[in-house]
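What follows is the residue order along each chain.
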Amino acid sequence: MQTTSMTDRLAPTRQIALLLAGVGVLTASSYVAVPMVPVPVTMQTLAVLLVGALAGPRMGLAMIVSWLALAAFGLPVLSGGKAGLLAFTGPTAGFLLAFPVAGYLAGVATRSIARGHVSRFASFLGLHGLILLAGWAWLATLVGAEAAFLAGVAPFLVGAVIKSALAAAIIAAIPGRYRQRG
């Protein structure tokens, strides 16, 4: 009986620690960047898909939303140390707003349809496409559709393929018992 009681008390602590670890991974991924204009190349999309896939759809979503909330409140957790509400109205806003959806769907996919290497890669590639589409749509309102594609999508296509393959390989290398269930 005492073990159950102790487990119940540790569960929230473990969840908070997991949440903070995810936010830390997302923040670190923001600082691995190649400066480009108007949108930098970062490891954020890789981290978004991995936290969703590894932590599960709900916890992954909580991690991503918490990270974005920290940015909105002014903490320099985004690429180049960007923070504040301006990050959510500038050129990268569409990408940022797609992250919670993509992370959640990565968690759902790895628990249902994307259990094999090829299907996992295809799911991650599709989710990169979703992020790029959302980024393009927002950027197009600022600079026009063609300029948005040339600056906000085309330079990231090869990286999306590489990061999708890397995410699928990382998931395959981690035993299932270390992944969250929900």
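Residues numbered from 1 in each chain as written. Predicted model: local features only at pLDDT ≥ 70, side-chain atom pairs only at ≥ 80, totals over all residues. Heavy atoms only, no water.

Colleague: If you had to explain the side chain of T42 to someone new, which residues and values would you point to?
Modeller: Along the chain, the position of T42 falls in strand β2 (residues 41–42). T42 gets classed as buried once you look at its relative accessible area, which sits at 6%. Of the polar contacts made by the side chain of T42, one reaches the backbone nitrogen of Q44; its length is 3.1 Å. Residues within four places of T42 in sequence aside, it is in contact with S29, S30, V32, A33, S79 and K163. (Helix = DSSP H or I, 4+ residues; strand = E, 2+ residues; numbered from the N terminus. Buried < 20%, exposed > 50% of the residue type's maximum accessible area, 1.4 Å probe, protein only. Polar contact = N/O pair within 3.5 Å; in protein donor to acceptor, adjacent residues only side chain to side chain. Contact = heavy atoms within 4.5 Å.)

Colleague: Account for helix α3 (residues 57–72), naming residues and giving values.
Modeller: If you check α3, its first and last C-alpha atoms are 22 Å apart, about what 16 residues at 1.5 Å a residue would give, namely 22 Å. Taken as a whole, α3 has its buried residues at P57, M59, G60, M63, I64, W67, L68 and A71. Two residues or fewer after α3 comes G74, characterised by a positive phi angle close to 105°. (Expected span 1.5 Å × (residues − 1).)

Colleague: Go over the side chain of S164, please, and point to the residues and values.
Modeller: Relative to the helices and strands, S164 resides in helix α7 (residues 157–173). Excluding its chain neighbours within four sequence positions, the residues that come into contact with S164 are F121, F124, L125 and H128.

Colleague: Give me helix α2 (residues 44–55): which residues, what numbers.
Modeller: Its 12 residues place the ends of α2 16 Å apart at the C-alpha level, agreeing with the 16 Å of an ideal helix rising 1.5 Å per residue. Across the 12 residues that make up α2, a large majority, 11, are buried. Regarding α2, the residues found buried are Q44, T45, L46, A47, V48, L49, L50, V51, G52, A53 and A55. Positive phi appears at G56, one or two residues downstream of α2, with a value of about 100°.

Colleague: Requested: an account of the nonpolar core, with residues and values cited.
Modeller: Residues L26, I64, W67, L78, F99 and F124 are the most contacted members of the largest nonpolar core, which totals 35 residues. Within the residue set of this core, elements represented by two or more residues are α1 (2–31), α2, α3, α4 (93–111), α5 (117–143) and α7. If one sorts the elements of this core by residue count, α2 sits on top with eight residues. Beyond its immediate sequence surroundings of up to four residues, L78 is in contact with S30, Y31, Q44, W67, L68, A71, A87 and L96. (Core = buried A, V, L, I, M, F, W, Y, C linked by side-chain atoms within 4.5 Å.)

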